[in-house]
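A structural walkthrough
In case you want the letters, here they are:
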Amino acid sequence: MKQLAEGVWRLDEFPRPTINIYLAGDVLIDAGRRWDLGRIRKQTADRELSMLALTHVHPDHQGAAKPICEKREIPLACHEDDVDAMEGRRPVQEAHPRNLYNRVIKRIWEGPPYKVERPFRQGDEIAGFEVIHAPGHARGEVIFWRQADRVAICGDVVRNMSYATTLPGVREPPELFTYDVAENRRSIRKLAELRPALTLPGHGPVISGHEEIERLAEGIGA
Ligand SMILES: [Zn+2]
């Protein structure tokens, strides 16, 4: 695990961070794809865990949620607007569900439904971070924001990775996986307005400073 900020770590992934899972204090943030279960188990084996909190309910963030929560006997938390997706009453991937790529992802990445014991909402506090609702990519997408040192764990509001090359670059999430692009652009603006010192995205390495996010927000006219 690599420490990125006070009390915040990112689980290791070889050869570089692509599907990020963070630990904030004793709260695990996101659960990768189904097959990320092994690395989560191994790397958190000697850590106290009190909860699994999701930035949003998509197949590359909720994949190992059920077995982790069962094995570690911890509650699952996500924004109230994604509870129905996590519990199996709405498709996890709403955008272009019949696209071949999304059908494959559903089959090999997506984890089974699981009870959300701790739904949260705008303004709640998780592991010392404030919940900021930032929908568009997913209905229940959130930014976990810590004002004291201006750290944002932003899920997929922005990514810092090209899916073609896996090299860094601050971009919008792909439209293929985003149910409302215009809404997500408003959420990117929200993130830029926080002026984060450090942004920990769902995909790719840490984004230092707010300039790149600001440029993206301006470029897309959000
Ligand atoms: Zn993602």
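Everything discussed here concerns the structure shown above.
First things first, this report covers the structure right here in the doc. (Residues numbered from 1 in each chain as written. Predicted model: local features only at pLDDT ≥ 70, side-chain atom pairs only at ≥ 80, totals over all residues. Heavy atoms only, no water.)

Observations concerning the sheet that holds strand 11 (residues 151-155)
This is how the line gets drawn: The rule for pairing is simple: two strands pair if DSSP sees at least two bridges between them. The way it works is that DSSP assigns letters per residue, a run of H or I at least four long becomes a helix, a run of E at least two long becomes a strand, and they are numbered from the N terminus.
Taken together, six strands build an open sheet; the order of strands is 8-9-10-11-14-15 and the sheet is mixed. Among the strands making up the open sheet, the edge pair consists of strand 8 (125-126) and strand 15 (207-208). Of the strand pairs in this sheet, strand 14 (residues 198-201) and strand 15 are connected by two bridges, and their pairing is antiparallel. Looking across to strand 15, one finds that Thr199 is bridged to Ile207.

Points about the coordination of the zinc ion
Tetrahedral coordination by four donors sets the ideal angle at the metal to 109.5 degrees; octahedral coordination by six donors sets it to 90 or 180 degrees. Inclusion rule: The donor set comprises N, O and S atoms within 2.8 Å of the metal, extended to 3.2 Å for Na, K and Ca; water molecules are omitted, so apparent gaps in a site may simply reflect that omission. Angular criteria define each label, namely tetrahedral for four donors with all angles between 85 and 135 degrees, square planar for four and octahedral for six donors with opposite donors over 155 degrees apart and remaining angles between 65 and 115, and irregular for whatever fails these tests. Residue burial is assigned from relative accessible area. The probe radius is 1.4 Å, only protein chains are included, and a residue is buried under 20% of its type maximum, exposed over 50%, and partly exposed in between.
Taken together, Asp60 (OD), His61 (NE2), Asp156 (OD) and His203 (NE2) make up the full set of protein donors to the zinc ion, lying 2.0 to 2.3 Å away. Note that the zinc ion binds four donor atoms; their angles at the metal cover 82 to 162 degrees, and the shape is irregular. Site description for the zinc ion: donor spacing in sequence, D-H-x94-D-x46-H. Accessibility assignment for this pair places Asp60 and His61 in one class, buried.

A closer look at the pattern of salt bridges
Rules: Salt bridges, as used here, are contacts in which a Lys or Arg side-chain nitrogen is within 4 Å of a carboxyl oxygen on Asp or Glu.
Applying the stated criterion across every chain, the model contains 17 salt bridges. Between Glu183 and Arg186 there is a salt bridge whose closest N-O contact spans 3.7 Å. Linking Glu183 with Arg186, this pair stays in helix 5 (residues 181-194), spanning three residues, or about one helical turn. By relative accessible area, Glu183 is classed as partly exposed at 23%. Through salt bridges that share partners, Asp82, Asp84, Arg90, Glu94 and Arg139 make up one connected network.

What about the layout of surface pockets?
Our working definition: Using a 1 Å grid laid over the protein atoms alone, points where a 1.4 Å probe fits but cannot get out form a cavity; open sets with protein on both sides within 12 Å along at least 5 of 7 lines form a pocket; any residue with an atom within 4 Å of a point counts as lining. Grid points are joined across faces, edges and corners, and a volume is the space filled by probe spheres set on the points. Each residue is assigned to one class: nonpolar for Ala, Val, Leu, Ile, Met, Phe, Trp, Tyr, Cys and Pro, charged for Asp, Glu, Lys and Arg, and polar for all the others, Gly among them.
Taken as a whole, the largest pocket holds about 320 Å³ of empty space. Around the largest pocket, the lining comprises 21 residues; the ones closest to its centre are Ile19, Asp60, Trp109, Tyr163 and His203. For the lining of the largest pocket, the per-class residue count stands at eleven nonpolar, six polar and four charged.

Section: the nonpolar core
Within soluble globular proteins, side chains that are nonpolar tend to cluster in buried spots. Counted only if it meets this: Joining through side-chain atoms within 4.5 Å is the link that ties buried Ala, Val, Leu, Ile, Met, Phe, Trp, Tyr and Cys residues into a set, and such a set is a nonpolar core. We call two residues contacting when some pair of their heavy atoms lies within 4.5 Å.
Core analysis: the biggest nonpolar cluster contains 24 residues, and Leu28, Ile40, Leu52 and Leu76 have the highest contact counts within it. Elements represented by at least two residues in this core include exactly helix 1 (37-44), helix 2 (65-72), strand 6 (76-79) and helix 3 (83-86). Not counting the four nearest positions on each side in its chain, Ile40 is found in contact with Leu11, Ile21, Leu28, Ala31, Ala64 and Ile68. Val27, Ala77, Val142 and Val151 belong to the second-largest nonpolar core, a separate cluster that totals 20 residues.

Points about the side chain of Thr18
One can find Thr18 in the loop between strand 2 (8-10) and strand 3 (22-24). On the basis of relative accessibility, which here comes to 15%, the residue Thr18 falls in the buried class. Apart from the residues within four sequence positions on either side, Thr18 is in contact with Glu13, Met161, Thr166, Gly202, His203 and Gly204.

Here we look at the packing of helix 5 against helix 6 (residues 211-219)
The criterion, for reference: Lines are fitted to the C-alpha atoms to define the axes, a helix being fitted only along its stretch in contact, and any angle between axes, read from their N-to-C directions, falls within 0 to 180 degrees. Put simply, a crossing is left-handed when the front helix is turned counterclockwise from the back one by less than a right angle, and right-handed when it is turned clockwise.
The interhelical angle for the contact between helix 5 and helix 6, taken along N-to-C directions, is 145 degrees, at an axis separation of 9 Å. Crossing angle aside, the handedness with which helix 5 passes helix 6 is left-handed. On the side of helix 5, the interface is formed by Ile188, Arg189, Leu191 and Ala192, while helix 6 contributes Ile213, Glu214, Leu216, Ala217 and Glu218. For the contact of helix 5 with helix 6, the residue count by class is six nonpolar, no polar and three charged.

A short note on the environment of Lys42
Here Lys42 is to be found in helix 1. For Lys42, a relative accessible area of 68% gives the class exposed. For the pair formed by Lys42 and Leu11, sequence separation is 31 residues and the distance between their alpha carbons is 10.0 Å.

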